[in-house]
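One-letter residues, chain by chain:
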Amino acid sequence: MPLTQFVVRRLILLLPVLVGMSIVVFLLMRLVPGDPASVILGLRATPQGLAVIRDQLGLDLPITQQYLHWVGNLLQGDLGQDYRSNIPVTTLLADRLPVTVELTLLALVLALIIAIPLGVRAGVRQRGLADKGAMTLGLLGISIPDFWLGIMLILALSLGLGLFPSSGFVPISDGLFANLRSLFLPALTLAIGLSAVLVRVTRAAVAEVQERDFVRFLHAKGLRQRAIVYRHVLRNAGIPIITVIGLQFGYLLGGAVIVEEVFSLPGVGRLIVSSTLERNYPVVQAGMLVIALMFILVNLVTDILYAVLNPKIRDAYR
Amino acid sequence: MTLQKDQVKDFVGKYLQGRISRRQLLISLSIVGGTALAQPLLAGAGARVARAQGGTPRRGGTLVAATIDKPVNMDPAFSELYSSMQIYQNVFSRLVNLERDGTFSPNLARAWRQVDDTTWEFDLVDNAWFHNGEPFTANDVRYTFERLADPELGAANLVFFTPLDGVEVVDDTTVRFITEPNWGGLPAALAAFGDIVNQRAIEEHDPRLMPIGTGPFRFVDWVRDDFVELERWDRYFKPEQPYLDRVIFRAISDDTVRLTGLQTGELDWIEQVPLHRVGELREDPEIKANPDGEFFPDLFLLNTAQPPFDRVEVRQALQWALNRDAIAALVWQGQAAPSAGPVSPSNPWYSGPGVYAGGPDLDRARALLAEAGYGDGLQIRFAAQPQVPTQPLVGQLLQQQLAPIGIDLEVQSFESARWFEELASQRYQITSTYWSATADPGEHCVLPLTHSQSPWNFSAFNQSPELDAALDALRFTVDPEARRNAYADVMALQQEQSPAVFQVNFKRTYWTQPNVYGVETLPTLELRMEDVWIDDA
């Protein structure tokens, strides 16, 4: 099957997943106790005030009607309005999505820069210095929670050495260097957790491929070690590594929620957290859908990469 | 008359030099009958106070301030969130200001007087301009309060102005407020919630997103979840002020991150640092703790519609078992003053230690419980929100304090939205909360929380017609001294009945770079940035 056909087929399969997601996201918010009207009015809520707000927001309609209304608007590109500010949710997401996408991509790049060379070296020379380093990173990176690591990095690299700003986001329009500087600490916080997983998987995959006959043959052929590792071993060890990257992208998006809060970044994660606490249904629903869509698309890219790395996989979809 | 003028000048001079307090000044002025004469001399007093704090104010500079929460709505008719008020109160002006010592000072109103039982007259400044270019006149004052009273708008802040019957324009610079007879809370309500808006501005722009006032700073930009930018308004009616060219508000929820921002110089002004670090930071020459104030009462709300707190004896037993010193020391790390009422002893409204002075007295508490039929002990549930870190701590401490009198208290955690629901539907038994209105503690705190007819009577309290009557009497008293006496009567009854039990007053401190001047905590908790300046020499 040609690659394009494979991709189109996967995109069509996305539709039922998205419909299912929309129902889950919608119902989840309704199942969580807490009334948006009383959150909006806060301590100053009166029974009359609550009734007016519920009526304005359509919260007194039957739940199926509320869902159909929401999906109907969604299909026309209308994600609704923020309950509190009346700003269209599309505007809110358009402002924040670039921050979260840049943060997660930068974290991914940093994680790859840390994990791949270290994992390869650890896999090639087991029990060497790099191997010990890799195992330590693997253990610490998974054990340390993001919020604590973020604050420690702020104290060390921002307060201690003055290298990076402690919080806030500088858009690319204000200069690429300032932008990357403002995102480096949050991205590093996210990257350390991801690289801990990646380094272990890379080490195991490389070590396993190292033992195969074709590698021994390449050695016998007289190829240099570096060429064998990066041209042949890594390519063959690639499938498990890419699988983990795809799956761990969900971890990155989840981690972004916490990291954006710690570093006061105006991203989708922070928006979802504050909107969930406010029971701001339209914002949470749209934000969750966008995050889910991102996760699904990344996994689609992962599948495509499988097919690129190993043409046999394409046949499996025939 | 000349003698009187000289005396007034002398008193005002002493005040501006910091030799006497504002309270002493006003007492002295009232003795010589010179309050009205002093008002022109006192206009711009804020500027001179700022100067007294750190030399001559300098013009220019950008102040980057970090609050805890982000703003959500810039319309002053709906100021349900403190994080929004902190910002837009610099964009709007009020007719009068409330100072640190509880006295009122002129702002958009140059002077005011009570004409008769139902009429207050305000003389307005004639040199104020809205940020859209419209001149400020008495019509704007009328429009502001007519808009607030419009039932279609459903303004949350209307509740502070319910005794207001109307606003009449006399001429461009004179306006009359028509109220229920002798409503003494008018100046406090105006100072705390009376931000003046302009009709054209409200109609042309969504006021929730684009505030336009006569205030010291013009609204420039708002990137949601990121920052709000304000710029100096060149036609501000106090020609010397504001000093800053620009103020940028950011919201950083984590205490440590906010403090780090101040320490690295990225921020110039922050509210609140980690409580356990206050002592150490006060000694740090690199940052400055500005004049603070105990204007944030924390209190227990007791649901009097349900057992066991339907019995006054149980509520009184709680009062006798309570150790406020321990709460102030352990929960608030010493950054709060124990207090049985909404204000601390340093506040002019303070009415004495109250009827439970000398407590805790566990024997009396046990005897009261036995009297109510709970001699064998009882179980109660405390509703806490983990998002408010001090709340579960207060619950745990209360658990320890009530155990010796046979009360088994269980701390239950509710996420904020659930907690609101528990409160509004009166399913809770006991919880703790803060209340931020100490501009007028009687009318803005005790009345809304305990009057049987108040929409915020979360305790569902209706057991004391005497307390209702005392609250009404306080509300409709004008003379400051008589009002303070009425407040003392209210507090005596409130403490006897205890539908809400005050614990402590949190000390709000603003922390800045050492070269930032003019910052102080005010009873309205407004951030008056017009007085702030940066000495970058």
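S.K.: Report on the overall build of chain A, specifying residues and quantitative values.
M.R.: When helices and strands are tallied, chain A shows 13 helices and zero strands. In sequence order, the secondary structure elements of chain A are arranged as α-α-α-α-α-α-α-α-α-α-α-α-α. The principal-axis extent of the C-alpha atoms belonging to chain A is close to 85 × 55 × 35 Å. Counting across all 318 residues of chain A, residues that qualify as buried make up 38%.

S.K.: Would you mind going over the overall build of chain B in detail, with residue names and values included?
M.R.: Looking only at helices and strands, one finds 18 helices and 21 strands in chain B. Within chain B, buried positions represent 50% of all 537 residues. Taking all contacts inside chain B whose residues are at least 6 apart in sequence as the whole, residues at least 24 apart take part in 71%.

S.K.: How would you explain helix α12 (residues 281-309) of chain A if you had to name every residue and give the values?
M.R.: Here α12(A) contains 29 residues, and its C-alpha end-to-end distance of 42 Å stays within 8% of the 42 Å for a straight helix at 1.5 Å per residue. Residues of α12(A) that are buried include every one of Tyr281(A), Pro282(A), Val283(A), Val284(A), Gln285(A), Ala286(A), Gly287(A), Met288(A), Val290(A), Ile291(A) and Val298(A), and no others.

S.K.: Any chance you could break down the packing of helix α16 (residues 441-450) of chain B against helix α18 (residues 480-497) of chain B for me, citing the residues and the numbers?
M.R.: Residues and elements named next belong to chain B. Contact pair α16 / α18: the axes reach a minimum separation of 11 Å and the direction vectors enclose 30 degrees. In this view, α16 runs roughly parallel relative to α18, as classed from their interaxial angle. Where α16 crosses over α18, the handedness of that crossing is left-handed. Residues Pro441, Gly442, Val446 and Thr450 of α16 touch α18, and the partners they reach there are Tyr487, Val490 and Gln494.

S.K.: If you had to explain the interface of chain A and chain B to someone new, which residues and values would you point to?
M.R.: One widely used convention gives an interface's size as the accessible area the parts lose upon coming together. Between chain A and chain B, the contact holds 37 residues from the first and 33 residues from the second. For the side of chain A that touches chain B, the secondary structure elements donating two or more residues are α2 (36-41), α3 (47-57), α5 (89-124), α7 (146-160), α10 (225-262) and α11 (268-277) of chain A. When residues in the side of chain A that touches chain B are grouped by element, the largest group, five residues, is from α7(A). Grouping the constituent residues of the side of chain A that touches chain B by class yields 17 nonpolar, 13 polar and seven charged.

S.K.: Can you tell me about α10(A), naming the residues and giving the values?
M.R.: Counted at 1.5 Å a residue, the expected span for α10(A) with its 38 residues is 56 Å, but the 44 Å between its end C-alpha atoms falls short. Ser264(A) lies just past α10(A) and shows a positive phi near 50 degrees.

S.K.: Hey, could you go over the pairing of strand β16 (residues 407-413) of chain B for me, with residue numbers and the actual values?
M.R.: In this sheet, β16(B) lies alongside strand β15 (residues 378-384) of chain B in parallel orientation, the contact comprising seven bridges. If you follow Ala383(B) over to β16(B), its bridge partner there is Gln412(B).

S.K.: Which residues make up the nonpolar core, and what values do they have?
M.R.: What tends to happen in soluble globular proteins is that the nonpolar side chains get buried as a cluster. Counting 145 residues, the largest nonpolar core has Ala107(A), Ala191(A), Leu198(A), Leu63(B) and Val532(B) as the members making the most contacts within it. With 15 residues, the single largest contributor to this core is helix α8 (residues 176-210) of chain A. When residues no more than four places from it in sequence are discounted, the contact partners of Val532(B) are Leu63(B), Tyr243(B), Leu244(B), Val516(B), Tyr517(B), Gly518(B) and Val519(B). Counting residues in each nonpolar core, the second largest holds 65 residues, with Val331(B), Leu369(B), Leu471(B) and Val504(B) among its members.

S.K.: Account for the environment of Asp82(A), with residues named and values stated.
M.R.: Residue and element names in this part refer to chain A. Looking at the secondary structure, you find Asp82 in the loop between α4 (63-75) and α5. Sequence spacing of Asp82 and Ser275 is 193 residues, and the spatial spacing of their C-alpha atoms is 8.8 Å. Those residues within four positions of Asp82 in sequence are excluded, and the remaining contacts are Ile87, Val89, Leu92, Asn280, Pro282 and Val283.

S.K.: Please give an account of the packing of α5(A) against α11(A) that cites residues and values.
M.R.: Residues and elements named next belong to chain A. Orientation of α5 relative to α11, taken along the N-to-C sense of each, is 130 degrees, at an axis distance of 7 Å. Relative to α11, the element α5 lies oblique. Along its contact with α5, which presents Leu92, Leu93, Arg96, Leu97 and Thr100, the element α11 presents Val268, Gly269 and Leu271. Per-class residue counts for the contact of α5 with α11 are five nonpolar, two polar and one charged.

S.K.: Describe the environment of Trp120(B), with residues and values.
M.R.: All names here are of chain B. Checked against the element boundaries, Trp120 lands in strand β5 (residues 119-124). Overall, the presence of 22 C-beta atoms within 10 Å leaves Trp120 in the buried class. The spatial distance from the C-alpha of Trp120 to the C-alpha of Ile178 is 6.7 Å, given a sequence separation of 58 residues. What Trp120 contacts, discounting residues up to four positions off in sequence, is Trp112, Gln114, Val115, Arg176, Phe177, Thr179 and Leu186.

S.K.: Give me the lowdown on the sheet that holds strand β6 (residues 164-171) of chain B, citing residues and values where you can.
M.R.: Residues and elements named next belong to chain B. Spatially, four strands are ordered β4-β5-β7-β6 in an open sheet, and the strand pairing comes out antiparallel. Here the strands that pair on one side only, and so sit at the sheet edges, are β4 (109-116) and β6. Within the sheet, the average angular offset between the axes of one strand and its neighbour, ignoring direction, is 20 degrees. Bridge count for β6 against strand β7 (residues 174-179) is six bridges, and the pairing is antiparallel.

S.K.: So what's going on with unusual backbone geometry? Which residues, and what values?
M.R.: Residue and element names in this part refer to chain B. In this structure, the amide linkage connecting Gln241 to the following residue, Pro242, adopts the cis form with an omega of -5 degrees. Positioned with a positive phi, Gln333 is a non-glycine residue whose angle comes to about 50 degrees. Of the residues examined, Gln333 has 15 C-beta atoms within 10 Å and is grouped as partly exposed. A positive phi angle, close to 50 degrees, is found at Ala460, a residue other than glycine. Ala460 sits in the partly exposed class, given 17 other C-beta atoms within 10 Å.

S.K.: Quick one: what's the story with the sheet that holds β15(B), residue by residue and with numbers?
M.R.: Residue and element names in this part refer to chain B. Spatial ordering of the open sheet is given by β14-β18-β13-β17-β15-β16, a layout of six strands whose pairing is mixed. The open sheet has two edge strands, β14 (336-338) and β16, and neither has a second partner. Going across the sheet, the axis of each strand differs from the next one's by a mean of 25 degrees, ignoring polarity.

S.K.: I'd like to hear about the confidence of the model for chain B, residue by residue, with values.
M.R.: Residue and element names in this part refer to chain B. Summary statistics for chain B give a mean pLDDT of 87 and a share of 89% for residues scoring 70 or more. Across chain B, the element-wise mean pLDDT spans from 46 in helix α3 (residues 35-42) up to 97 in β7. Low pLDDT, under 50, characterises residues 15-24; the predicted model gives this stretch 15 contacts beyond four residues in sequence or across chains. The ipTM for the predicted assembly is 0.71, set against a pTM of 0.80.

About the cut-offs
- Residues numbered from 1 in each chain as written.
- Chains lettered and ligands numbered in written order.
- Predicted model: local features only at pLDDT ≥ 70, side-chain atom pairs only at ≥ 80, totals over all residues.
- Helix = DSSP H or I, 4+ residues; strand = E, 2+ residues; numbered from the N terminus.
- Buried ≥ 20, exposed ≤ 12 C-beta atoms within 10 Å, placed from the backbone.
- Contact = placed C-beta atoms within 7 Å.
- Expected span 1.5 Å × (residues − 1).
- Axes fitted to C-alpha atoms, helices over the stretch in contact; angles between N-to-C directions.
- Parallel < 35°, antiparallel > 145°, perpendicular 65-115°, else oblique.
- Left-handed = near helix turned anticlockwise from the far one by under 90°.
- Nonpolar A, V, L, I, M, F, W, Y, C, P; charged D, E, K, R; others polar.
- Pairing = 2+ DSSP bridges.
- Core = buried A, V, L, I, M, F, W, Y, C linked by C-beta atoms within 7 Å.
- pLDDT = per-residue confidence, 0-100.

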